[in-house]
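Results of the structural survey
Listed below, chain by chain, are the residues.
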Amino acid sequence: MHALHQELVPPSGVEFLASLKLTHSTIAVPVSARHELAARVLCNVVVARSNILRIFEVREELAQVSGQYEEERERKGKTRKDTESVEGETSMEGDGFVNIAKSTNEKASVPTVTKFYFLREHRLHGIVTGMACVKVVSSLEDKLDRLLVSFRDAKLALLEWSDETHDLITVSIHTYERAPQVMNADIALFRAQLRVEPHSKCAALSLPKDSIAILPFYQSHADMDVEDHTRVIPYSPSFILDLPVSVDKNIKHVADFVFLPGFHNPTMAVLFQAQETWTGRLKEFKDTFRVIMFTLDIYSQNFPIIASIDGLPHDCIYLLPCSSELGGVIIIASNAIMYVDQAGRRVTLPVNGWASRMSDLPFTVAPDQENCDLVLEGSRSVFVDDKTFLLILKDGTVYPVDVVAEGRNVSKLVMGPPLAQTAIPSVVQKLTEDDLLLVGSAVGPSVLVRSAKVEEEIDEEDTVMGDATTAVVKPAQMMDLDDDEETQTTNGTVTNGVPKQTRTVLQLSLCDSLPAHGPVSDLVFSLARNGERSVAELVAATGAGHMGGFTLFQRDLPSKKKGKLHAIGGLRGMWSLPIRQPVKSGGASFERSSNPYQPEHDTLIISTDAIPSPGVSRIAVRSVKSDVNIITRIPGTTVGAGTFFQRTAILHVMTGSIRVLEPGKQCIKDVDATGPRPKIRACSIADPFVLIVREDDTIGLFIETDRGKIRRKDMSPMGDKTSKYLAGGFFTDHTGLMLNALETNAVPSSAISEKVTTTLQNVMGPPTRSQWLVLVRPQGVVEIWSLPKLQLVFSTEAFATLQTVVTDSHSPVSVSTPQDPPRKPQDLDIEQILVAPLGETSPEMHLFVFLRCGQMAIYQLLPAGSALEPPATPRPATLNIKFVKVLSKAFEIQRPDETEKSIIAEQKRISRSFIPFNTTRTSGATYTGVFFTGDNPSWIISSDKGGVQLYPSGHGVVHAFTPCSLWDSKGDFLLYSEEGQSLLEWMPNFQFDGPLPSRFIPRGRHYSNILFEPSTTLIVAASTLEATFASFDEDGNRLWSLMVSFLSPNVSYPMAECSTLELISPDVWVTMDGFEFASNEFVTAVECVTLETSSTETGIKTFIAVGTSINRGEDLATKGCTYIFDIVEVVPDHSSAAAPKRWYKLKLLCRDDAKGPVTALSGFEGYLVSSMGQKIFVRAFDADERLVGVAFLDVGVYVTSLRSVKNLLLIGDAVKSVSFVAFQEDPYKLVVLGKDLNRVCVTNVDFFFQEEEFSIVTSDEEGVVRIYDYNPTDPESRDGTALLLRTEYTSHAEYRTSAMIATRQQDALIPQTKLVYGATNGSIACLIPVDEAVSKRLELLQGQLTRNIQHTAALNPKVFRIVRNDFVSRPLSKGTLDGNLISQFACLSTTRQIEMTRQIGTERSVVLSDWISLTQGSAW
């Protein structure tokens, strides 16, 4: 069988990060003081986890007004009193005043927030093991940093930002995989470390065998002249430093190494353990760690040692270099913190009572630290200033530690009280801005915090203080930092003649976070209800510790139906519009002034249908209830409608006329001298302009007049009146990007630029709002015209081929006169085009293109920068912008016969169009997006931290769509689908930062197992907790309790893992019932099995089977238990309003002790299959109270996974791979059909079906996915006793859990399966069966993509997926396709796609059809 492996969700969390000034926005000078106040980019942050790399901007911008203040302002906006101008203010036209008083020397306190904004994302063909910021010679010119990334296979890649592509490009790649140290070592067991010298003189990458690869960088052009290179490269030749040979022969088992600041030549400190030991051998070997500091003389290859410190505790973990002011390093051990310097001085700080018991070093405990009991395994540290660093424990608790020094002599280390509890850290780094810290977490969200030291007054009784800095936590909005604050611990001040004492307080404030769900320990499909509709939902147990919980994934964007409006119809279109209503008083009519603090809501809905012919249009308004009243019916089909004349009238476009509904009541027939023109098929309305596109591809342009009417606008600058256009429309730029990029002496008058005084112009800033016209000509030319003078400012043909970056071709006005014979539509014609804002907090302009063949592309508008050469034929005006493709998607398009003009054909016609919308969620977040109608309806939205995402709407077809606020809600949508007309809203609390909409349910604990019980639709989950360890003998007597009395208060008790079983309602996510296991018993397996019972008419019933392991210490063998639970309904508790209507509890029916751990469970029809140590048992459930064994089988060493289908069973073992077993009832017997003869660690095993074929899929700890065949007719199978390994594929993700999706094809006897995997790195992937013919085509395409496109960091996709197998002559790489690589084909330009498919003997459309059928053809 052939399969496709594709990631549905990329790895989640942050393992590595780098802070640097990567893009020009970090060094850009604001154009005005107002722009600087609005937002500025502080730095870039690059984060990575496994094979995913993301780039963010850290921006500081004005804080948004709180919701309470907005409500108060809205309330006051209705009756605005005291609006007279005061001193220092001048009135403006309309309401409001502007303060133009003279500036004073007082410092204005402007509330700002610091936030992340997504830039780019890459799925790399390598596993990241480190990242760092470096400065090269080019950094002296452009002031930008470069990014250095290390990979698992001993590679280094130097990357830099390219403004031309708006993305990373590879500068160089350095490989050490052929080095002897790497060739003779197991890379899977080695964790590389990347370090960069503080002045970027060199970078160091640790290699196996206590070696370090050194990559030197040039820092000036003088260094390059010394080397006498003919090529301009930023680095000199690298070399491998063998520490035992070149530095000290005693260096072995290197734990960590760092570069030390403050030295002229690169200086390194290495932490290593010359003699390995452990707690059981402390009497023989104690204090075995050493630190050696030496200098790297790169040019002479000399490495003199400047300091050597030995006798360090055996549990040292890592080093933290101190600043040049102090010198030396901080050593973090499990039980102590130590400082050592070049002179060999040592300063210690124990953090628990184990330090003095584990080491002979002198430890002095401060009086206030006698009860301190901390554990530093898993901790991370970072300096916030020269003498203070933060220690973040593995549970996220933050402790400040002060380095007390007199000059350069450190006297002691003092730990302060804890600040707060933040994310569980995997990495922590100080950003380019000195007061910002990013705590990266691999098990949940990463947080950005701001640290600062401020002065506060203290009372006399609090003046007796230690040397530690006091730490408090304040919200970001409350922080008021002074740049000139003192950093002393205690000062004296005088207030009103009374002396006051002050102290330095360290403040931490939360700025922002990067969402993540962390590792996936288990997953299962459940049934969720989006309103009245039931949908499949993937529930994953994610996170760890207090960051644990459930993450819910849905394929489509979750929405629920609020109601139906059958009366208005709307098959051919709907428009919900806000119209200002005039008010009559004393015979005069005047316009009601709108409240500037209150958003305007829609007041009417226009809908249209094509049946009965020639169509009917309706105008409806809101009724008393949640319904509508139709006030007008108009014969004919509406093409488009919009507000006009400052929202006082409706511009109504029909197939043969243009109507103005109030105030001028105008109707313009679309006719010429010979008679009626062809019907209008599309239009674009943007007050004060109207564009119509007819069926013969000609256009008409109209503009408003001063008398409340419209007139035709002269289109002579655009060429002949008979010119043809495929699509077009107006758009409004609110960001100011277009005006800033317009290179002309004249500013379009459509921009909002009233004639105001110079003073007010300086206050209000330059105009930002402008209107433009985009048109598409038949030959593929896209033109942008300025309004209202119709000047061509941008022209290109690159959109028709979907190029990655599109710039202005500077071509003159194209000619698109009618052709004879008429031109027929082409597959690569642009069918729809739209320019609209897209985003969350700060929407940015994007261009949406849809080709007739079904290809969609989304481009972001960006400044183009200065051109290298002036154009040959310059225009009077040029728009200096570029379009960068950020998303590309291919759809399967079904096109009926377009020549048929019957009523039935009109009814079946599908309209595909882009419709912009703006919605405000219940959480307050506002999204500006686009909805794509047609037979592939999709939501296109962009979040601040996830970029542009496209989500299916969950409908088969959507004919019409419009955002609607008729019922005073900015979150409602009206759409007409195959189910008819309905009013929708998004489901709350879902995040849109990834490829699947997700929602996190925090539970405060980790869950190891989860299942869905279908009969009650409840969730059963096993949570993992910690309890004090207790040791028992064979009789259950506690043994270890005699030792407890000898422990001190600051000596931690050993902890053991324990579990509880919880019954959870997925509707409100409350725990209905639970079962607590013993303090030394933890759950290893939970399964829903069908067993025989006498309590039901059918004789069978679904039960919950739980397998556990009982930890009895290191002297006794582990035991286990099997539990059988039933879910019973009880009387509900109505005391809580949020409680479910029906209540259930767990009922324990049976507990069966086992001599070994029960690590896996499964079930046949009526029988339970369980593992016990090295055996497999089949048991029957007798009388609903006990398990009776009927068959058993001796298997491997440790059973990790069991899967059953009917009477067939797969057994996965941690040592002996996989076995294929059958069960028979007469007599009871387990028969081994086949097994893998090689020793492979299997963590998960599954059946894999396609049509009439069957395979076995396994995965191991290293992420290798193997597919086996059972074929007794093959001679290599040894009559079927040996399973045949067909293909191996490295996913580089450990899959501990899987879920199966079965889809039955037409006339198929066996359903086709699709496997969904959850990985420990947070990724969710799927394995899809592929037909042989499709697999061959995609295999050839995969080879073309490997060779012919540039991959990020110059990595090799083929090598990335190859598995080393010593039992075969060639890698078994064929058979499993790389979905991450093939998905890049849809992102290429159409010319590249045609070229690649021609080389493999097929067509572009065939390959795209294959890809669409695999990735979009079935659920999930």
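In what follows, the structure referred to is the one given above.
What this report covers is the structure whose coordinates are included nearby. For every chain, the first residue of the written sequence is number 1, and numbering continues from 1 along that sequence. Given that this is a predicted model, residues contribute local features only at a pLDDT of at least 70 and side-chain atom pairs are listed and counted only at 80 or more, while totals for whole chains, interfaces and linings are drawn from all residues. Based on all heavy atoms of the structure, the side-chain values leave hydrogens and waters out of the count.

**Focus: the sheet that holds strand 34 (residues 520-530)**
At least two DSSP bridges between two strands are needed for those strands to be called paired. Only DSSP runs of H or I reaching four residues or more are called helices, and only runs of E reaching two or more are called strands; each is numbered from the N terminus. Judged by pairing direction, the sheet is antiparallel, and its 4 strands sit side by side in the order 34-35-36-72 without closing on themselves. Two strands lie at the open edges of the sheet, namely strand 34 and strand 72 (998-1002), each paired on one side alone. Recorded for the sheet is a direction-independent mean angle of 25° between the axes of neighbouring strands. The axes used here are C-alpha line fits, helices contributing only the stretch in contact, and every angle between their N-to-C directions lies in the interval 0 to 180 degrees.

**Topic: the packing of helix 14 (residues 1390-1399) against helix 15 (residues 1404-1415)**
For any two helices packed against each other, the geometry is given by the interaxial angle and the distance between the axes. The geometry of helix 14 relative to helix 15 is characterised by a closest axis approach of 8 Å and an angle of 95° between their N-to-C directions. The angle between helix 14 and helix 15 falls in the class roughly perpendicular. Note on element contacts: helix 15 touches helix 14 through Arg1404, Val1407 and Leu1408, opposite Thr1390, Gln1393, Ile1394 and Thr1397. Each angle gets one of four labels, with under 35 degrees taken as roughly parallel, over 145 as roughly antiparallel, 65 to 115 as roughly perpendicular, and the rest as oblique. Contact definition: two residues touch when any of their heavy atoms are within 4.5 Å.

**As for the packing of helix 11 (residues 1332-1348) against helix 14**
One can describe the packing of helix 11 onto helix 14 by two numbers: an axis separation of 9 Å at closest approach and a directional angle of 125°. By the angle class used here, helix 11 and helix 14 are oblique. For helix 11 against helix 14, the interelement crossing comes out right-handed. On helix 14, the residues that touch Gln1344, Leu1345 and Asn1348 of helix 11 are Arg1392, Met1396 and Gln1399. Each crossing gets its handedness from the near helix: less than a right angle anticlockwise from the far helix is left-handed, clockwise is right-handed.

**Quick word on the environment of Met547**
Tracing the backbone shows Met547 in the loop between strand 35 (533-542) and strand 36 (549-553). To sort residues, take the accessible area from a 1.4 Å probe on protein chains only and compare it with the maximum for the residue type: under 20% means buried, over 50% means exposed, and anything in between is partly exposed. The exposure class of Met547 is buried, given its relative accessible area of 12%. Taking C-alpha positions, Met547 is 8.8 Å from His517, a pair spaced 30 residues apart along the chain. Not counting the four nearest positions on each side in its chain, Met547 is found in contact with Ala423, Ile424, Ser441, Val443, Gly444, Pro445, Thr542 and Phe1000.

**Some points on the side chain of Ser814**
In this fold, Ser814 is placed in the loop between strand 59 (805-807) and strand 60 (830-838). If we skip the residues at most four places from it in the chain, Ser814 touches Arg777, Gln779, Val781 and Glu783.

**Description of the pattern of salt bridges**
We define a salt bridge as a side-chain nitrogen of Lys or Arg found within 4 Å of a carboxyl oxygen belonging to Asp or Glu. Under the definition given, this model contains 54 salt bridges. Close ionic contact of Arg345 with Asp341 constitutes a salt bridge, the shortest N to O distance being 2.6 Å. Overlapping salt bridges bring together Lys560, Lys562, Asp972 and Glu985 as one network.

**A look at a negative patch on the surface**
Together, Glu1092, Glu1165, Glu1225 and Asp1226 line one region of the surface with negative charge. Among the structural elements, Glu1165 can be located in the loop between strand 81 (1161-1164) and strand 82 (1167-1172). Here a patch means residues that are over 30% exposed by relative accessible area and free of salt bridges, tied together within 9 Å if like-charged and within 5 Å if nonpolar (Val, Leu, Ile, Met, Phe, Trp, Tyr). Under the convention used here, a 1.4 Å probe and the Shrake-Rupley method define accessible areas, while residue burial counts only the protein chains that appear. Under the counting rule used here, the positive set is Lys and Arg, the negative set is Asp and Glu, and His together with the chain ends is not counted. By convention, charge coordinates are those of NZ in Lys, CZ in Arg, CG in Asp, or CD in Glu.

**Observations concerning the packing of aromatic side chains**
The pairing test for Phe, Tyr and Trp rings, Trp by its six-membered ring, is centres within 6.5 Å, and the orientation test on the planes gives stacked under 30 degrees, edge-to-face over 60, and tilted for anything in between. As enumerated under the stated definition, the model contains 48 aromatic pairs in all. With a centroid separation of 5.4 Å and an interplanar angle of 35°, the aromatic rings of Phe550 and Trp1069 are classed as tilted. Here Phe550 is found in strand 36, whereas its partner Trp1069 is found in the loop between strand 75 (1055-1065) and strand 76 (1070-1076), with 519 residues between them in sequence. Under the relative-accessibility criterion, Phe550 is labelled buried at 0%. With a centroid separation of 5.2 Å and 70° between ring planes, the pair formed by Phe1220 and Tyr1270 is classed as edge-to-face. Of the two residues, Phe1220 sits in strand 87 (residues 1218-1225) while Tyr1270 sits in the loop between strand 91 (1264-1269) and strand 92 (1284-1290), which places them 50 residues apart along the sequence. You can call Phe1220 buried: its relative accessible area is 2%. Taken together, the aromatic side chains of Phe917, Tyr927, Phe931, Trp939, Tyr951, Phe961, Phe973, Trp986 and Phe992 make up a single cluster linked through ring pairs. Sitting above the plane of the Tyr117 ring, Arg59 keeps its charged end 4.1 Å from the centroid. Over the face of the ring belonging to Phe1177 we find Arg1179, whose NZ or CZ atom lies 4.8 Å from the ring centre. Charge-over-ring contacts are defined here by two conditions on Lys NZ or Arg CZ: a distance within 6 Å of the ring centre and an angle within 35 degrees of the ring normal.

**Considerations on a positive patch on the surface**
A surface patch of positive charge is lined by Arg1347, Lys1358, Arg1370 and Lys1374. Checked against the element boundaries, Arg1347 lands in helix 11.

**Considerations on helix 14**
Structurally, the α-helix is built with 3.6 residues per turn, so residues lying three or four positions apart point the same way. If you check which residues of helix 14 are buried, you get Thr1390, Gln1393, Met1396 and Thr1397. With its buried residues spanning 125° around the axis, helix 14 presents them on a single face. Residues of helix 14 that are buried make contact with strand 61 (844-851), strand 62 (855-863), helix 11 and helix 15. Once helix 14 ends, the next one or two residues include Gly1401, with phi positive near 75°. As used here, the arc is the angular range of directions from the helix axis to the C-beta atoms.

**Examining the sheet that holds strand 53 (residues 710-712)**
An order of 50-51-52-53 is seen for the 4 strands of this open sheet, with the pairing classed as antiparallel. Every other strand in the sheet has two partners, leaving strand 50 (680-686) and strand 53 as the edge strands with one partner each. Mean inter-strand twist for the sheet, computed between neighbouring axes without regard to direction, equals 25°. Here strand 51 (residues 689-694) pairs with strand 52 (residues 699-704) via 5 bridges, running antiparallel. Among the inter-strand pairings, Ile692 is bridged to a residue of strand 52, identified as Gly700.

**Comments concerning the environment of Arg1286**
Structurally, Arg1286 is set in strand 92. When the C-alpha atoms of Arg1286 and Met1 are compared, they prove to be 8.2 Å apart, with 1285 residues separating the residues in sequence. Ignoring anything within four residues of it in the chain, the contact list for Arg1286 reads Ile1267, Asp1269, Asp1274, Leu1372 and Lys1374. Under this definition, polar contacts are N or O atom pairs within 3.5 Å; protein pairs additionally need one hydrogen-donor-capable and one acceptor-capable atom, and for neighbouring residues in sequence, both atoms have to be side-chain atoms. A polar side-chain atom of Arg1286 sits 3.4 Å from a polar atom in the side chain of Asp1274.

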